[in-house]
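# What the coordinates show
Chain by chain, the residues:
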Amino acid sequence: MEHDTPEAAHIGVDVSKGWLDAHELPSGRSRRFENSGKGYREFRAWVGAGPVGLVLFEATGPYDQAFHAALGGGLPLCRVNAAWARHFRKSLGREAKTDCADAALLAAMARTRRDLRATPVRPESFRALEALWTARDALSRDRGRLKVRAGQEARHPCLKRRNAARLRWMDRELAGMDAETDRLLALDPGLSRRVEVLCSMPGIARTAALALALGMPELGGVGGREAASLAGVAPFANDSGGRRGKRSIRGGRERPRRKLFMAATGAAQHNPEMRRVYEAMRARGKPKMVSLVAVMRRLVVLANTLLREDRLWTPAPPDSRAAAPQPA
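Small disclaimer: the values here were computed from a predicted structure and weren't measured. (Residues numbered from 1 in each chain as written. Predicted model: local features only at pLDDT ≥ 70, side-chain atom pairs only at ≥ 80, totals over all residues. Heavy atoms only, no water.)

## Some words on the packing of aromatic side chains
Scanning the entire structure with this criterion turns up six aromatic pairs. Between F43 and W46, the aromatic rings sit 6.1 Å apart at their centres with planes inclined by 35°, giving tilted as the arrangement. Residue F43 and its partner W46 are both found in helix α1 (residues 37-47); the two are separated by three residues, about one turn of the helix. One exposure class covers both F43 and W46, and it is buried. Here the aromatic rings of F57 and F67 are separated by 5.5 Å at their centres, their planes lie at 85°, and the arrangement is edge-to-face. Of this pair, F57 sits in strand β4 (residues 52-58) while F67 sits in helix α2 (residues 65-71), placing them 10 residues apart in sequence. With respect to burial, F57 and F67 carry one shared label: buried. (Phe/Tyr/Trp six-rings, centres within 6.5 Å; stacked < 30°, edge-to-face > 60°. Helix = DSSP H or I, 4+ residues; strand = E, 2+ residues; numbered from the N terminus. Buried < 20%, exposed > 50% of the residue type's maximum accessible area, 1.4 Å probe, protein only.)

This is how it looks when you write it as structure tokens:
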């Protein structure tokens, strides 16, 4: 990627359900395309054969996935969090928001942010599993809410029957999704191995392993601090002058972090190493939540190390110097 070449084009693309609004810098040209296969071909022809530094677009759920899959192999496409674009707009003092203005803003962001890099295109099997996992996670959360409501409505015979029937249907759907997940995992040995490695860690159940493998595919290829930051469990400083403010966590990927929290509550009881970390922090007067976040951080750093070394968890690593997790 010729990101730093002065003559390289930087393109912002505002992706919506029906359209792609594109803006290129430094030429300043703009054009609208259909969000379809025909539109992708026209967009590629419009970009041309010249050097392209970066093509930047916001994460818009299902609307950008086909665009990324179709063109990510031939162009340096970068998918960024929509919040980053909003903050960038605020930093420039711009208030107007239209599709064309958003595309121009993304082009300026691509040209300014030299740290941005192209987002890898995941295999079709990975994308299918990711969509299935997202749907399963949503259904599982719905089932949890229904169980709470069913307990509150237990005195009403009609509602009790309807809630019981819906819970049985949800259980069948979840079982079917699990079977399909097994089938898709069998078609992807690399991803299946990553899930196996993660499941070997005490406290990491299969759902948490899938959440980490699919929601944080970078694990195993980054440092320990970056892995913790991706999970949203890295404490950020809050200092100014002589003041030393309270550190806090924020950001990160919501679904993997939620599963990681549930894993940490189990690991703090059943994983001897993590239990020692948790109890030591509690003994120092740290709140329960802070202590659990410390366990979450240890878990994700350990997961990153095991995936990097492609080995299962063992109570005593084969080579303590080589297998020790990176400092968080």
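## What to know about the sheet that holds β4
Taken in spatial order, the five strands make up an open sheet running β3-β2-β1-β4-β5, and their pairing is mixed. In this open sheet, the two edge strands, each paired with only one partner strand, are β3 (30-34) and β5 (77-80). Taking the axes of each pair of neighbouring strands and ignoring which way they run, one obtains an average angle of 25° across the sheet. Sheet analysis places β4 next to β5, joined by four bridges and oriented parallel. Of the residues in β5, the one forming a bridge with F57 is R79. In this fold α1 packs onto β1 (9-15), β2 (19-25), β3 and β4, with an angle of close to 155° to the strand it touches most, β3. (Pairing = 2+ DSSP bridges. Axes fitted to C-alpha atoms, helices over the stretch in contact; angles between N-to-C directions. Contact = heavy atoms within 4.5 Å.)

## Brief notes about the pattern of salt bridges
Taken as a whole, this structure holds 20 salt bridges when the rule is applied. One salt bridge in this structure joins E309 and R311, with 2.7 Å as the shortest N-O distance. Judged by relative accessible area, which is 26%, E309 ranks as partly exposed. Residues joined by salt bridges that share partners form a network here, namely D137, E254, R258 and K259. (Salt bridge = Lys/Arg side-chain N within 4 Å of Asp/Glu carboxyl O.)

## Quick notes on the environment of W46
In this structure W46 comes out as buried when scored by relative accessible area, which is 10%. W46 sits 13 residues away from F33 along the chain, and the two C-alpha atoms are 10.0 Å apart. Look past the residues within four positions of W46 in its chain and what remains in contact with it is I11, A22, H23, E24, R29, S30, R31 and F33.

These figures capture arrangement, not role.
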